[in-house]
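Examination of the molecular architecture
Listed below are the residues making up each chain.
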Amino acid sequence: MAGRCVGVLLRRACSGTAGAAEGKPGLWKRMNERKMVVWTKGLLRDYKEACKDIVVGAKERPGRAAVYLSLLAGIGYCSSSAPAEDSFRCSLLEASSLLLLLSPWIRSATSDRHVQHILDLSNQGRLRHINLLVLSLVYEAPYDPDCDLYNTQCPHLRPRLSDFPRRVLDIGFLGHWWFLEKKMEDYDINEEEFRHLPASMKTISYDDLHSEKNERLYIHKFQPVQMPEDPCEGEG
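Residues numbered from 1 in each chain as written. Predicted model: local features only at pLDDT ≥ 70, side-chain atom pairs only at ≥ 80, totals over all residues. Heavy atoms only, no water.

The name given to the chain in an unreviewed UniProt entry is Mitochondrial import inner membrane translocase subunit Tim29, with the source organism recorded as Eleutherodactylus coqui.

Here the phi dihedral of L133 falls at roughly 75°; this positive angle occurs in a residue that is not glycine. Position of L133 relative to the elements: it lies in the loop between β1 (127-131) and β2 (136-140). Residue classification places L133 among the exposed residues on the basis of a relative accessible area of 52%. The phi dihedral of L174 is positive, around 55°, even though this residue is not glycine. Taking relative accessible area as the criterion, L174 reaches 34% and is therefore assigned partly exposed. (Helix = DSSP H or I, 4+ residues; strand = E, 2+ residues; numbered from the N terminus. Buried < 20%, exposed > 50% of the residue type's maximum accessible area, 1.4 Å probe, protein only.)

A few words now on the packing of helix α5 (residues 85-100) against helix α6 (residues 109-123). Helix-helix packing is characterised by the crossing angle of the two axes and by the distance between the axes. It is at 10 Å that the axes of α5 and α6 come closest, and there the two elements cross at 130°. One element, α5, and the other, α6, form an angle in the oblique class. In the packing of α5 onto α6, the handedness of the crossing is left-handed. For the pair α5 and α6, contact is made by F88, R89, L92, A95, S96 and L99 and by S111, D112, V115, I118, L119 and S122, respectively. A class-by-class count of the residues in the contact of α5 with α6 yields 7 nonpolar, 3 polar and 2 charged. (Axes fitted to C-alpha atoms, helices over the stretch in contact; angles between N-to-C directions. Parallel < 35°, antiparallel > 145°, perpendicular 65-115°, else oblique. Left-handed = near helix turned anticlockwise from the far one by under 90°. Contact = heavy atoms within 4.5 Å. Nonpolar A, V, L, I, M, F, W, Y, C, P; charged D, E, K, R; others polar.)

Shown next as structure tokens:
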């Protein structure tokens, strides 16, 4: 059986060689004339010419080439640092843990409401994440994907595209979730405690915390307490 196969292959090779000698195109030539091979060669030729044009243009206008390279590098860096959905959930759990360590009388109501709202949406299966190459978005979906109510199936009751900006919960850019970090800036300050204060006392400037008077009062509190002399003791 093996000898028969070898004989067939030899006859085919000899016939192909004889045909090539008589003017019939060989195997390599027939491969080069196929449409896929011709298309691939044309594509490589176009890429080669495009690369040559880029090199020539960069030499003629180096400033513009530097700007384009900077833009491409910036897009590549932003794309590589765009946070994923797991990063948002970790940040959300960390923020929730920080708030749980504080008493309800101390924690910020704004931070607590924001975190609790996102946690409720997560428990309902209504959180969605989308990667837009240079940034990521976390937005609120109207229903859970496993929900089979009529409102989820009817195309006329689905949320409009114009309402999408109002459903965005956070923006992930350069490795940070900006809305969540903004809400958690003063998470340990309860705004309700200072609601009844006058407007001038609700804000504290840098000078109020780093003034010479505050420094003197800070040093003065470590000094021993001096009791005033009793005038009755001198009369006796």
